[in-house]
Structures are given as structure tokens and as C-alpha cells.
Amino acid sequence: MKSYIDIDEWRIVESEFKAEYNTISESLCSLGNGHFGQRGCFEEDYSGETLPGNYVAGIYYPDKTRVGWWKNGYPEYFAKVLNGCDWTKLRIQLGSEFVDLHTAKEISSFSRILDMQEGVLYRNSTLTLNNGAIVKIRSERFCSMHNQNLAALNYQLGIENFEGELKIELWVDNDVHNQDANYDEQFWLAKRVHSDSNCGFVQAKTKKTGFHVSTLAHNRVTYNGEPVQATEKQEALKVGHIYTINCSGNSEVTILKKVCIVNDMNEKEESHLDFCRELIHSLDKYELLKKNHIDSWKSHWNEMDIQISGDPKAQQGIRFNIFQLFQTYTGHDHRLNIGPKGFTGEKYGGSTYWDTEAYCLPFYLGTARPEVARNLLIYRYHHLEKAIENAAKLGFSDGAALYPMVTMNGEECHNEWEITFEEIHRNGAIAYAIYDYIRYTGDKKYLVEYGLEVLIAIARFWEQRVNFSKSKNKYVILGVTGPNEYENNVNNNWYTNYMAKWCMEYAMESIAFVKNQDSDALHALFERINFRESEEILKWKDICHKMYFPFDKKNQVFLQQDGFLDKDLSSVDTLSKKDRPINQNWSWDRILRSCFIKQADVLQGLYFFEDEFSEDVIRRNFEFYEPMTVHESSLSPCVHSILASSLGMKDKAYEMYLRTSRLDIDDYNNDTEDGCHITSMAGTWLSVIKGFAGQRSRNGKLAFSPWLPDGWDSLKFNLRYRGKRIHLNIKSDALELKTSDAEGFECYIYNELVSIQENELKSLPLKTNMSNVES
């Protein structure tokens, strides 16, 4: 852990520059608005270790797969979110010396502050250059949440103890590369460069995919309050404005940049320059642009904020996670999704994983307009044909669908065989998200219009993926990787088998529902997909009835997979500090032979389907697997926190919450430099709402079984549910509920139905000894 970030409930504060942590800070201070984003790098030159990154949602390149040997069905490429145009780039030269924190003689003061309440990145630095000049930097920038095509930078430079030539270069620079490019190639082609006295415009086109992305920056530079004129410089992929100033005495320079970013997913490429010009010229002063942005964030925080009183460390953690998650995906476009690193880095290619359905969907269900979560499901519906193609490449037929582990456009593009071919449990997450969405929203119309077709295709996959074992007289699933990726090519992963059975059962249940609602629509669907109802359902029922689930009678636990008990079972506390994290210190062979679990596997299934198991069953499995779990996947701690909450294991629940909420801030897994773990941040929200608040959706109503961790004075939040909004205030001795809905609100509190009238403040006693799971 690296505890160099100050504890502040609304801000990420780096109050002293630590060069060795610079790339971590760049990740933590990333900005975005759902349309584009960037890492929190310095605007001026920095010759030390840095990872510049500017990204536009949905823009990617199919980087040719690089493997030692090929296998049938292997993806031809790995999709990569592209490092795009750097609109913040400055170069400042005093005489013969550049302003550069890495080479400066002294840094006498420094702060880099991400204000999450405002959505603005601030920086203050005072440095002495080797020529004796004293430079004071005050900068602020943001990606507008008010208008998702806009961004702005206000950069102020104070100069003392220097007389001579000051040269400032402002660039719109698309001549950039991806750090993770397989073949070190340039992914951008120049299309158009334009400049005039105060504007620079660059339009670039991605190779292969043919996306057009344009960036226009309007510059205004003043020296001691007077405007400075620029000379222009154009290159193939970038345009610069050069300002030369004769400095004497103490000097003040102000640089204002208003930026428009647009791509051809939303505007035709031939209109980009006019679009950007019109938008930029219609803007009011910088201060109003900033105010509109801050007001938009204020509106979002009124919906999403979780307030924790009494624990600033926990408060900072949850707000950081909510902030980064929402600025990654705002739900306006069903063609977009949530990359595991969002706009904070290149790792994982910026692509879509099963994380969205398993972890992120509930966050948007509870905090945003219903169409936001619906768009996440529509995204997968539009990829159904590609999922059927993916399955066909692996030998499946008759409309069976295998959704990709990693994708940008529906095609599988993951290039590790044990993931691409074996981590098929991802199909279950797609089906579970449909179930979760309908259960929460009551929007059963979605099942008729879109959901059922997806569910049938997934069920067809599972039907073909199982085989019947004569020795067991059961259906088995061989050669898989479960959620625990520290096991590969195993037989009968319990979670995968259970998910396969559930998917077929839910598909049959959904068919029955749609038949009752709209038999004509169902008949048309069956005709279109050639569904043989009696034959296929009969087979699904047989598989569900005879599915094999590994179980240990002695310990009375579900086995993660066949042969798990053949391992040398030991707990994580037997590992030394030099072993952790084991994925950075052990050979893969040693990891695979060990009992240590990367992330919740059996426990993932018990979390999803807790209503189908008794509290005793969940407790036995939790107590068996939790001590062996190293939580080296960012997706793991939240599941353990939620289950621990439901079992009344308060210390463990809080420990796991703190780990998931501060995973990046404190760099638990020694990998924040690559970017933040965006999709797992939804797990932090889940740990609070489903964990400490005990929220569930049952019988068409919300249910709560709340408790407070030690040291917390209160926990406050809002939830949307089926067109209504409820406010909860969990205190040390009471639970307060309120709704502004004219029809009032009904919910279960500790399994008792409670009615709340409009604007009524309902106060109920808080239980201190309870568990959420009903036997």
C-alpha cells in the first residue's frame, strides 16, 4: 500500500511531489465526461516517468494478435482504445531552459488536486530552474459534463528572477502512440490540419477502423494582462501556436484553452471543423463554461452521492469510486460501454468485459435514469449476431451464442486461450443482467422486445457445451476457467455449472411469460430463429435435472471444481510479504498448483443466487474459501464484503469495503500506474448499498436490512426504484426514510413491510444483531 494521498472527503490531494508515484497520480487524477477523457498528466514537458493518455469513447484499433502459435477460433486482433489527441500539451522555455519538474533545480511547493465535487483538476507548483528563474504554475482543467464535446484549460504562469526570451508553444498534437501497441505502430492517419491566429484544428483517421476524430483548440495568451500574438506551425498530425515574449521583472502569463472534440460516431467528418468553430465561438467566458460544468456535477451528486459521517477515509473512497465510474459512462449512447480502465489508461484495451453486467449495472439502476441501464442491455442485444458468430468459430451451431470475454463491436478479441476459449461463465452474466434489470425495474416489456432472444441463444450454447458423463450419470462441463483465473482448464467449475443450469431455467421461465403476454410475438421469434420448442425445452429440462455440482460431504461445501481438495490447502496469512501479490512474484505454474484464489468464484454464485441457499450454506462456504482468497482481482473484495455483511461478520465486511474503495488510492495491488479499476468501482457502491444497507429487490419492492460499521455516525444515500426516489439515513440507533413521491413508497425493512407517505420522515429502530439472508 502507498499512503501518500491526503485524506479528504471531496478531493484527491497529492500535497508533495513524489516522482516515483507520478504515473499513479496521473491515473488517480484522470478526468472524463462519458464522451472523452484523459489522464492527470502535467501540461508542460515532463521528462521523468509518465504515461500520457487522451481517449475518446468508442474509438479503437484492432491491433493484430501477437501469439507464439495459433489455434483455431483464435481472435485475429486485440481491440485497443487509442491514445488520441493531446490538447493540453505546452512547452515553456525560459532562455535555454525548459520548464520541467523532473529537471528543475528545486521544487519548493507542489499540489495536484482532483476536486471530485467540481470535476476539476487543479495544480500548483513553485520550482526553481537551473538558470535561477523561479516559476509558479497554477493550472486547472476539466472535461465538460455540461456539454460533452467541450473541455477547457486555465494555465497561469508566474515568473520571477528572469530577464530574457520566454517561448511558449501550445499544441494540438495527434502524433501519439499507444504504450501497449503490439507492433509499435502509429494508429492514426492525418486527414486535415488547419490553423489561424488563435485556433488549431487537427482531424485524424484511425487505421483499419476508419474512425474520424477532430480536435479544435481556441487559445488566448496574455502577458501581464496584454494579449500576445502567435506564429503558427503545422505538421501532418499536429498544429502549434508559438508565443515569444521578452520578459523583464516579475511577469504573469495566462493561457486559456477552450477545446472541442468530435468524432464521426456523432457528426459527419466533413462537418467537424464547422461544428467545432460554431460551438467554440458560441461560448461565453471561461468562468461560465466552468460554472456550467460544476453545476452539472452538482446535479449528478445530488442523485449519486453517498455520505458517510465519522470515517473520512471511507468517505473519500466511495466518492472517488462514484466519480470515476460516472465520468466514464453516462449512458447517453447505447453503442458505448464501460472499459475496465475507463479513461485512465490503456490496459485491457478499453474494451467491454463481463464486469459491466455483473457489477456496473446495479449502480446505474439505482442512481440514474432507467434508460441508462437499459442502454447497457441494448448494447449486448445489438451484439447478438456477433455472439452467434463467435460460438460458430468454436464449433457451435443452431443459433448458439457465446458472448465475448473482451469486445468493442461484438467480436471476441481477447488473446489468451484460457480466457478466450474457457472463461465461458461470461455468458451467464449477460443473462443474469437481463434478470437483474427486470427484477429491479419491472420492465418486462424488455423481455418481449429484446431479452428473450438473447436468453434462448445463451441457453442453446449451454445445451451444446455440456456432455453427459456415464460414470457420474450427470451432465458435466469440462475444460473451463471460472471467475478465479488462478485455475485454468478445470472440469466442473461449480459456478459455471450452476450458471449454465440457471440460464436454461430462466430461459424456459421467460418463454412461458412471453407466451402468456404476446403469443404472436413469440411465434414470430420462434420462426425467425428456428426454435424447436418441444424438443429444445425437453433437452434443457433434462440437463437442468441432471447437472453435476462438485460437493464435499466432509466440509459440507461446494467444491470450486473437481480435484480442488487435492491441493495443499492453506490460508493467505501463511504467505510472506515478499510473496504478495503472487501474480507478480510467483511463476504461473506455482500459482496454478496452489489453492490460492484470485477472486470470488463459488462465492460469486452464492452472491448472485443467495435466495436459493440457506444462511448456513453460505456461511460454511464463505468460511472455507475466504481465507484462501488473495483478492488480486479488483472484482473480488466487494463480493466478500457483501456476503460478510449478510452473515453479520462486520469486521470482515468493513475490511473488504475499505480494500475495494481504496484499491487505487492506496495502490493495493501495485498496478494503479496502469490506470484505475473502473468497473470494480461499482463493487464499492454495491458494498455500501447491498452490504451495509442490506438492499435487495424482492416481490416488486426494495428491501433493506441496514447496519453501520464501527466508527460510522451515519450513512446517507438516495435510490431510484421504478420511477420513484427514496432517501435513507442510517444512524447509529435509527433508520430514517423519506420520499418526495406523491404516491408514497413501500419497502421492506428487516422483512417487515413499511409504508412512507409523501415528505413523511419515517424513523425506525436500527437493529445491531442481524443477518440479511433468509433461511
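First, a word on scope: everything that follows refers to the structure included in this document. A quick note: this is a predicted structure, and the numbers were derived from the prediction, not measured. (Residues numbered from 1 in each chain as written. Predicted model: local features only at pLDDT ≥ 70, side-chain atom pairs only at ≥ 80, totals over all residues. Heavy atoms only, no water.)

## Overview of the sheet that holds strand S31 (residues 745-749)
Consideration 1: Reading across the sheet, the four strands line up as S26-S27-S31-S32 and stay open at both edges, with mixed pairing between neighbours. Edge strands, defined here as strands with exactly one partner in the open sheet, are strand S26 (696-698) and strand S32 (752-756). Strand-to-strand twist in this sheet, taken as the mean axis angle between neighbours without regard to direction, amounts to 40°. (Pairing = 2+ DSSP bridges. Helix = DSSP H or I, 4+ residues; strand = E, 2+ residues; numbered from the N terminus. Axes fitted to C-alpha atoms, helices over the stretch in contact; angles between N-to-C directions.)

## What to know about the environment of Asn 72
Consideration 1: Here Asn 72 is to be found in the loop between strand S5 (60-64) and strand S6 (77-81).
Consideration 2: Residues Asn 72 and Tyr 440, 368 residues apart in the sequence, show an inter-C-alpha distance of 41 Å.

## Focus: the pairing of S6
Consideration 1: Summarising burial for S6: five of the five residues are buried, a large majority.
Consideration 2: Here S6 shows two buried faces, one formed by Tyr 77, Ala 79 and Val 81 and the other by Phe 78 and Lys 80.
Consideration 3: As judged from the five bridges shared by S5 and S6, these two strands associate in the antiparallel manner. Each residue of the ladder has a partner; that of Lys 64, found in S6, is Tyr 77. (Buried < 20%, exposed > 50% of the residue type's maximum accessible area, 1.4 Å probe, protein only.)

## With respect to the pattern of salt bridges
Consideration 1: A complete count under the given rule lists 52 salt bridges for this structure.
Consideration 2: The salt bridge partner of Arg 112 is Glu 14, with a shortest N-O separation of 2.9 Å. Taken together, the residues span a long stretch of sequence, with Arg 112 in strand S9 (residues 106-115) and Glu 14 in strand S1 (residues 11-14) at a distance of 98 residues. Taken individually, Arg 112 and Glu 14 each receive the classification buried, so the pair is uniform in this respect.
Consideration 3: In this structure, the salt-bridge partner of Arg 380 is Glu 357, at a minimum N-O distance of 2.8 Å. In this pair, Arg 380 sits in helix H6 (residues 370-381) while Glu 357 sits in helix H5 (residues 355-367), placing the two residues 23 residues apart along the sequence. Of the two residues, Arg 380 and Glu 357, both sit in the buried class.
Consideration 4: Several salt bridges share partner residues, and in doing so they unite Glu 43, Glu 44, Arg 123 and Arg 141 into one network. (Salt bridge = Lys/Arg side-chain N within 4 Å of Asp/Glu carboxyl O.)

## Quick word on the state of the cysteines
Two cysteines, two sulfur atoms, one covalent bond between them: this is a disulfide.
Consideration 1: Across all of its chains, the model carries zero disulfides by this definition.
Consideration 2: This cysteine, Cys 276, is not joined by any disulfide, and Cys 260 carries the nearest cysteine sulfur, 3.4 Å off.
Consideration 3: Unpaired in this structure, Cys 676 has its nearest cysteine sulfur neighbour in Cys 29, at a distance of 8.9 Å. (Disulfide = S-S within 2.5 Å.)

## Some remarks on the layout of surface pockets
Consideration 1: Estimated volume of the largest pocket: approximately 950 Å³.
Consideration 2: Forming the boundary of the largest pocket are 38 residues, of which Lys 347, Tyr 348, Tyr 353, Glu 485 and Lys 598 lie nearest the centre.
Consideration 3: Within the residue set of the lining of the largest pocket, elements represented by two or more residues are helix H8 (417-420), helix H14 (582-585) and helix H20 (678-692).
Consideration 4: Here the residues of the lining of the largest pocket sort into 12 nonpolar, 13 polar and 13 charged. (1 Å grid on protein atoms, 1.4 Å probe; cavity = no way out; pocket = protein on both sides within 12 Å on 5 of 7 lines; lining within 4 Å. Points joined across faces, edges and corners; volume = space filled by probe spheres on them. Nonpolar A, V, L, I, M, F, W, Y, C, P; charged D, E, K, R; others polar.)

## Considering helix H11 (residues 494-517)
Consideration 1: The terminal C-alpha atoms of H11 lie 34 Å apart, and with 24 residues this matches the ideal 34 Å at 1.5 Å per residue to within 8%.
Consideration 2: The buried count for H11 comes to 17 of 24 residues, which makes it a mostly enclosed element. (Expected span 1.5 Å × (residues − 1).)

## Notes on the nonpolar core
Consideration 1: Residues Leu 94, Ile 306, Tyr 364, Trp 540, Leu 715 and Phe 717 are the most contacted members of the largest nonpolar core, which totals 240 residues.
Consideration 2: No other element matches H11, which puts 13 residues into this core.
Consideration 3: Counting 20 residues, the second-largest nonpolar core is a separate cluster that includes Ile 113, Val 120, Ala 152 and Leu 283. (Core = buried A, V, L, I, M, F, W, Y, C linked by side-chain atoms within 4.5 Å.)

## Points about the packing of aromatic side chains
Consideration 1: Applying the stated criterion across every chain, the model contains 56 aromatic pairs.
Consideration 2: Between Phe 564 and Tyr 625 the ring centres are 5.8 Å apart and the planes differ by 55°, which places this aromatic pair in the tilted class. Here Phe 564 is found in the loop between strand S25 (557-558) and H14, whereas its partner Tyr 625 is found in helix H17 (residues 615-625), with 61 residues between them in sequence. As far as the burial class goes, Phe 564 and Tyr 625 line up, both buried.
Consideration 3: Directly above the aromatic system of Trp 10 lies the positively charged group of Arg 319, at a separation of 3.7 Å from the ring centroid. (Phe/Tyr/Trp six-rings, centres within 6.5 Å; stacked < 30°, edge-to-face > 60°. Lys NZ or Arg CZ within 6 Å of the ring centre and 35° of its normal.)

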